[in-house]
Amino acid sequence: ADLSVATVPISFIPTLDEPLVTVRANIGSLADAQAAADTLARGIGLFRTEVLYLDRQSQPTMTEQASELAEVFRVAPAGTIIVRTIDAGSDKPVAFLPGKSEENPALGVRGFRLGRAHPEFQEDQLLAIKAAIDATGRHVQVMAPMISTVEEATEFREMAKKAGLPEVGIMVETPAIVPMIPDLAGIVDFVSIGSNDLSQYLFAADRQHPAMGGLVDPWQPGLLRTIDTIVQHAAPAVIPVGVCGEAGSDPLLAIVLAGLGVSSVSAAPSAVAAVRDALSSLTKAQAQDIARAVVAETSANRARDVATDALASVS
Ligand code: PEP
Ligand code: MG
């Protein structure tokens, strides 16, 4: 679903000094990092590193990767930078990491599954991230995509630690990892919800399929209640929860996410200002009330309408 055209009929008038939760930016390139630096984003919530590799025919050396990463780190807005390790696969093929052709690429060797199938590449990428940190002094956390078991999370943590990267997170984008979150205490420092893929796998609906837009709508209560569950599982384990999927780029939905208890959202650079304004326009208690009303609904349209009406009545 193209959420960049999400219509929010309300203009948010900031009344608080700071947004209710940290607002970061999503980037995939140096140009994106520059665009993010022109916003009030606090750091980067998702750096899609696969973008650096998609048009490469041969594997860049560790040094080449490190200098490319360092360039991005230098211009990225102040704050923590969350670097996602390569998230490619048969649908986003990387020429130098060949795999067998797959009938169901979305269910095949993609994300961290690809990284662990090519440890020589994955270890190099992690070393390049470490070298770029050393060159720039930025605070960086690494995050693995498409994690569906505690073993995968543990394996990623070990790989990262070996490369000198102690701060590790995983994306929550498969339903199977959701009930396992309490067992991630001591393994990950944070989780970040990839609402795009989480929708795709929760609803068994291809996120690219034009006829699936209604199911992969981030206002679907089935997704929002799952996010509620994620936050509740993470709380006793003291694992911070962020959202880096497109859901966080919708200002009204960002209010709902903050009300559900996520501690950060990450938005496209073009959406950062609107998301920040929305999150600065009401109190935590008001956001919680709106979130409770929204998750009680049973359709995406109703959820959106209830949020719109509830917000109008508080402002
Ligand atoms: C997601 O799945 O929500 C996500 C942030 O990752 P990507 O869109 O790159 O798959
Ligand atoms: Mg994803």
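Residues numbered from 1 in each chain as written. Chains lettered and ligands numbered in written order. Predicted model: local features only at pLDDT ≥ 70, side-chain atom pairs only at ≥ 80, totals over all residues. Heavy atoms only, no water.

**Student:** Any chance you could explain the packing of aromatic side chains here in plain terms?
**Tutor:** Within a pair of aromatic rings, the relevant descriptors are the distance that separates the centres and the angle that separates the planes. According to the stated counting rule, one finds four aromatic pairs in the structure shown. Relative to Phe96, the ring of Tyr53 lies with its centre 6.1 Å away and its plane at 75°, an arrangement referred to as edge-to-face. Placement of the pair is Tyr53 in the loop between strand 2 (44-48) and helix 2 (62-75) and Phe96 in the loop between strand 3 (81-84) and helix 3 (112-117), with a sequence separation of 43 residues. Neither Tyr53 nor Phe96 differs from the other in exposure class; each is buried. Ring centres 5.6 Å apart and planes at 80° place the aromatic pair Phe112 and Phe156 in the edge-to-face group. (Phe/Tyr/Trp six-rings, centres within 6.5 Å; stacked < 30°, edge-to-face > 60°. Helix = DSSP H or I, 4+ residues; strand = E, 2+ residues; numbered from the N terminus. Buried < 20%, exposed > 50% of the residue type's maximum accessible area, 1.4 Å probe, protein only.)

**Student:** Explanation requested: the environment of Ala185 in the structure shown.
**Tutor:** With respect to the secondary-structure elements, Ala185 resides in the loop between strand 5 (168-172) and strand 6 (190-193). Considering only alpha carbons, one finds Ala185 and Ile239, 54 residues apart in sequence, at a separation of 6.9 Å.

**Student:** Mind showing me how you'd approach the side chain of Asp87 here?
**Tutor:** Relative to the elements of secondary structure, Asp87 occurs in the loop between strand 3 and helix 3. By relative accessible area, which is 3% here, Asp87 ends up buried. Beyond its immediate stretch of four places on either side in the chain, Asp87 contacts Glu50, Lys92, Arg110, Gly111, Pro145 and Met146. (Contact = heavy atoms within 4.5 Å.)

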